[in-house]
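# Breakdown of the fold
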Amino acid sequence: MTGVGLTALGVAAGRAMETHSEGALVSDPFAEAFVRAAAPPKPMPTRLEDVGDDEDQVMSWTSMATYMGVRSRYFDERLAAAAEAGASQIVLLAAGLDARAYRMSWPESVTVFELDAPKVLAFKDAVLAGRGVRAGAQRRTVAVDLRNEWTGALRQAGFDPARPSAWLAEGLMMFLPNAAKERLLRIVGDLTVPGSSLEVEYVEGMAAIRRDPQFQRRRAQMSERMGLDVTDLWPDEPDFPLGDWLREHGWTVSTDYVVDVTGRYGRRLEDESMFPPRSGAFVSARK
């Protein structure tokens, strides 16, 4: 219930609120259970009607729910398309509290690998076991610290680098220093063959966002509600040239900006001062 783990719980709260909203973009029946089981130090709503009447809170939590719906729906669609195209291995880097192996329909040949810290995976497994649910795909958990060597553990779990795979880095890159970003991308490149794909949630201009007065005000409000200032977890470095780096290393790259994807889904983000809608991007790369 500290640091990045607390942000993962906030993400689950956002998915839960979106799940219970009219015309939801994602259906995650497990997100609310994770929030309730974790009992965070500051309560997090799992339904928009629980937010209260404060206008700022309603705007922030509504935008959080919409963004999590947009993000989840987008990457769900990309991973499902990759699986249908022949990628039989789905690798979720820092899988967090999302339960794609359970809530999505997968071809029988697909194995979903979830990489995250041991405590995160243990907590997730305990909550899911308590609900008596079964995964819709072969699911392999890989308890690792992504800051250390983890490829051996992934191989031991059954990952075959000679077969096409689809990778997802969601809610991860903004917390990594540039050297760690590059190291992660090199490892993924070494473990993938032609026909593989990589999906990345990315935030542009993070240094400028930090200095923006409107963002600072919203950040302070969200920090008070969650008990965490997420920007304390951001490395204070220049932007990493994600798209250029991937192209230089053999990937074909396309970028969708969050604000455009949100519009395509027929939605809008109420609070456009927060970083995901304003400068957030979903980067898709294919070998």
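What counts, and at which threshold
Residues numbered from 1 in each chain as written. Predicted model: local features only at pLDDT ≥ 70, side-chain atom pairs only at ≥ 80, totals over all residues. Heavy atoms only, no water. Phe/Tyr/Trp six-rings, centres within 6.5 Å; stacked < 30°, edge-to-face > 60°. Helix = DSSP H or I, 4+ residues; strand = E, 2+ residues; numbered from the N terminus. Lys NZ or Arg CZ within 6 Å of the ring centre and 35° of its normal. Buried < 20%, exposed > 50% of the residue type's maximum accessible area, 1.4 Å probe, protein only. Pairing = 2+ DSSP bridges. Axes fitted to C-alpha atoms, helices over the stretch in contact; angles between N-to-C directions. Contact = heavy atoms within 4.5 Å.

## Some thoughts on the packing of aromatic side chains
Applying the stated rule across the entire model yields eight aromatic pairs. Relative to Phe-123, the ring of Phe-34 has its centre 6.2 Å away and its plane inclined at 45°; by these criteria the two rings are tilted. With Phe-34 in helix α2 (residues 31-38) and Phe-123 in helix α5 (residues 118-131), the pair connects residues that are 89 residues apart, well separated along the chain. Of note, Arg-73 hangs over the ring of Tyr-265, and the distance from its end group to the ring centre comes to 5.4 Å.

## Details of unusual backbone geometry
Phi is positive for Ala-39, close to 50°, though the residue is something other than glycine. Mapped onto the elements, Ala-39 comes out in the loop between α2 and α3 (55-84). Overall, Ala-39 belongs to the exposed group, its relative accessible area being 54%. One non-glycine residue with positive phi stands out, namely Ala-94, at about 55°.

## Re the pairing of strand β7 (residues 280-286)
In terms of burial, β7 is largely enclosed, as six of its seven residues are buried. Across seven bridges, the pairing between strand β5 (residues 197-203) and β7 is antiparallel. The residue of β7 that forms the bridge with Val-200 is Val-283. Pairing of strand β6 (residues 252-257) with β7, which is carried by six bridges, proceeds in the antiparallel orientation. By the bridge assignment for β7, Tyr-257 is matched with Ala-281.

## Re α2
Counting buried positions over the eight residues of α2 gives six, a clear majority of the element. Looking at α2, one finds that the buried residues are Ala-31, Glu-32, Ala-33, Phe-34, Val-35 and Ala-38. Positive backbone phi, at 50°, marks Ala-39, one or two positions downstream of α2.

## Comments concerning the sheet that holds β6
Sheet strands pair via backbone hydrogen bonds, and the direction of the pair is either parallel or antiparallel. If you walk across this open sheet you meet the seven strands as β3-β2-β1-β4-β5-β7-β6, and the pairing is mixed. Since the sheet does not close on itself, it has two edges, and those belong to β3 (138-143) and β6, each with one partner. For this sheet, the mean inter-axis angle between neighbouring strands, taken without regard to orientation, is 15°. Taken together, the six bridges between strand β2 (residues 111-116) and β3 define a ladder with parallel strand orientation. Bridging across to β3, Glu-114 finds its partner in Thr-141. Along the sheet, α3 contacts β1 (89-93), β4 (165-169), β5, β6 and β7; its crossing angle with β5, the most-contacted strand, is approximately 165°. Its contacts with the sheet place helix α7 (residues 178-190) against β1, β4 and β5, and it is angled at close to 165° to β5.

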